[in-house]
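Tertiary structure, described
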Amino acid sequence: FFFLMIRRPPRSTQSRSSAASDVYKRQILFCGTILSEDGKTEKKVVIDFEPYKPINQSLYQCDNLFHTEPLRELLDNDQTFGFIIVDGNGALYGTLQGNARDIKFKFTVELPKKHGRGGQSSVRFARLRMEKRHNYLRKVCEIAVQQFIEDNQPNVAGLVLAGSADFKNELATTQMFDPRLAAKIVKVVDVSYGGENGFNQAIELSLEALQNVRFVQEKKLITQFFEEISKESGLYVYGIDDTMSALAQGAVEKLVLYENLEIRRVTCRLKEAGVDENDLTKLRILYLLPHQCLDSKYFKDKQTQQELDIIENVSFTEWISENYTSFGATLFLITNKSP
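Residues numbered from 1 in each chain as written. Predicted model: local features only at pLDDT ≥ 70, side-chain atom pairs only at ≥ 80, totals over all residues. Heavy atoms only, no water.

**Looking at the overall build of the protein**
- Across its full length, the protein holds eight helices and 16 strands.
- Sorting the 339 residues of the protein into buried and exposed places 35% on the buried side.
- Partitioning the contacts of the protein with sequence separation of at least 6, the portion at a separation of at least 24 is 61%.
- Roughly 21300 Å² of accessible area belongs to the protein as shown, and the carbon and sulfur atoms make up 48% of that amount. (Helix = DSSP H or I, 4+ residues; strand = E, 2+ residues; numbered from the N terminus. Buried < 20%, exposed > 50% of the residue type's maximum accessible area, 1.4 Å probe, protein only. Contact = heavy atoms within 4.5 Å. Areas by Shrake-Rupley, 256 points an atom, 1.4 Å probe, with all protein chains shown as cover.)

See the structure below:
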């Protein structure tokens, strides 16, 4: 149960918590007393919602502000990575997205051990043992496809194989392992345990490799962009105005956006008497930096110099993240940490 509080909690918090007793591990609750817009009167506020993916911590805190840092961490990395923990006792399939891990499937197995029986039986026992191992490995491969392939495509950005025995290495090299998943292997690690403990250890040992996956993808994307520029192919566009124009024409396939872009999307309307609020010809869309939003000179029509009324002022990054699919484009967010 994720519980964030500010100053004096209203009594309504108790009833809201009771009603959500069945989702304690998923609920986020902000409540407190804040000043109204006039700055003179106070009003009670209770906001509760369920995050789109789990938060692996609990917090009860009273302060003079709402703490949203754990929520921001949910947005840091949306890539999902798959893990297969395999040894002589069984296999576990899990995923890691940000700081949220999930066990998708696991099963146990009993394989025959090596023994010291000699004579004619030794060859038969060795053959039976190898057949059991082979069938076990086949099952691991088949379940991997069930867990990590959707619509004929891998549903993970990378795959980590881990285990305490040699099964993980056999899994990485066997022809039974789906080539679509084999291409996603980013690391093979040795762990001291199987099952959930091995899963946790595998995450710790592969964090650096998983971080590099995103950087490699970003570098590949940026390299492709600069190659198009160097070839003067005409298959590229940059700058907010030219890019939005190309998007409107449905000419953009890949849209690359810096995730901390500060540009605001400001919707304005001509300030004149009798303007129909539904008349789209009177609307103007501006793309401005935060400091430009404070300067009145930017809120004038370029042709008529008429003043503009602000209808909406939102982050361009948030707006395009919600609307890029309507332009038929694929959105790629990049950071400034790529090598």
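From this point, things continue past the structure.
**A short note on the environment of threonine 68**
- One can find threonine 68 in the loop between β4 (59–63) and α2 (69–76).
- By relative accessible area, threonine 68 is classed as partly exposed at 28%.
- Threonine 68 sits 38 residues away from phenylalanine 30 along the chain, and the two C-alpha atoms are 9.8 Å apart.

**Remarks on the packing of aromatic side chains**
- For the structure shown, the criterion picks out twelve aromatic pairs.
- Seen in terms of ring centroids, tyrosine 93 and phenylalanine 148 are 6.3 Å apart; in terms of plane orientation they differ by 50°. Their pairing is tilted. Of this pair, tyrosine 93 sits in strand β6 (residues 90–97) while phenylalanine 148 sits in helix α3 (residues 121–148); the two residues are 55 residues apart in sequence, bridging distant segments of the chain.
- On the basis of relative accessibility, which here comes to 0%, the residue phenylalanine 148 falls in the buried class.
- Put simply, the rings of Tyr93, Phe105, Phe107, Tyr136, Phe148 and Phe167 pair up and form one aromatic cluster.
- Its guanidinium or amino end placed over the ring of phenylalanine 107, lysine 139 lies 4.3 Å from that ring's centre, counting from NZ or CZ.
- Geometry around tryptophan 319 places arginine 265 over its ring, the cationic atom sitting 3.9 Å from the centre. (Phe/Tyr/Trp six-rings, centres within 6.5 Å; stacked < 30°, edge-to-face > 60°. Lys NZ or Arg CZ within 6 Å of the ring centre and 35° of its normal.)

**Points about the side chain of threonine 95**
- Along the chain, the position of threonine 95 falls in strand β6.
- The buried category is assigned to threonine 95, whose relative accessible area is 11%.
- Discounting chain neighbours no more than four positions away, the residues touching threonine 95 are Thr80, Phe81, Gly82, Ala100, Arg101, Asp102, Lys104, Phe148 and Phe199.

**Describing the sheet that holds strand β13 (residues 264–270)**
- Spatial strand order, β14-β13-β15: three strands in an open sheet with antiparallel pairing. Both outer strands of the open sheet, β14 (283–288) and β15 (308–315), are each paired with one neighbouring strand and no more. With direction set aside, neighbouring strand axes in the sheet form an average angle of 25°.
- Across seven bridges, the pairing between β13 and β15 is antiparallel. Paired with arginine 269 across the two strands is aspartate 309, which belongs to β15.
- Packing of helix α8 (residues 316–323) onto the sheet brings it into contact with β13, β14 and β15, and relative to β15 it is tilted by some 75°. (Pairing = 2+ DSSP bridges. Axes fitted to C-alpha atoms, helices over the stretch in contact; angles between N-to-C directions.)

**As for the layout of surface pockets**
- Quantified by volume, the second largest pocket comes out at close to 800 Å³.
- As for the second largest pocket, its lining consists of 26 residues, and the residues nearest its centre are Phe225, Val237, Lys254, Leu255 and Val256.
- By residue number, the principal contributor to the lining of the second largest pocket is helix α6 (residues 195–231), which donates six residues.
- Among the residues making up the lining of the second largest pocket, the classes are represented as 20 nonpolar, three polar and three charged. (1 Å grid on protein atoms, 1.4 Å probe; cavity = no way out; pocket = protein on both sides within 12 Å on 5 of 7 lines; lining within 4 Å. Points joined across faces, edges and corners; volume = space filled by probe spheres on them. Nonpolar A, V, L, I, M, F, W, Y, C, P; charged D, E, K, R; others polar.)

**Details of the pairing of strand β5 (residues 80–87)**
- With respect to burial, β5 is a largely interior element, seven of its eight residues being buried.
- Judged from the eight bridges that link them, β5 and β6 form a sheet pairing that is antiparallel. Residue pairing for β6: glycine 82 is matched across the bridge by threonine 95.
- Counting the residues between successive antiparallel strands, the hairpin from β5 to β6 contains two residues.
- As paired elements, β5 and strand β10 (residues 158–163) share five bridges and run parallel to each other. Bridging from a neighbouring strand, isoleucine 84 pairs with leucine 161 of β10.

**Looking at unusual backbone geometry**
- Located in the positive-phi region is glutamate 232, a residue other than glycine, with phi close to 50°.
- Tracing the backbone shows glutamate 232 in the loop between α6 and α7 (240–248).
- Given a relative accessible area of 66%, glutamate 232 falls into the exposed group.
- Positive phi is not limited to glycine here, since glutamine 305 has a value of about 65°.
- Within the element layout of this structure, glutamine 305 appears in the loop between β14 and β15.

**Remarks on the nonpolar core**
- Counting residues in hydrophobic clusters, the biggest one holds 21 residues, and the most contacted among them are Ile84, Val86, Tyr93, Tyr136, Val140, Leu171 and Phe177.
- Secondary-structure elements contributing two or more residues to this core are β5, β6, α3, β10 and α4 (167–173).
- With seven residues, the single largest contributor to this core is α3.
- Counting residues in hydrophobic clusters, the runner-up holds 15 residues, among them Phe81, Phe83, Val191 and Leu210. (Core = buried A, V, L, I, M, F, W, Y, C linked by side-chain atoms within 4.5 Å.)

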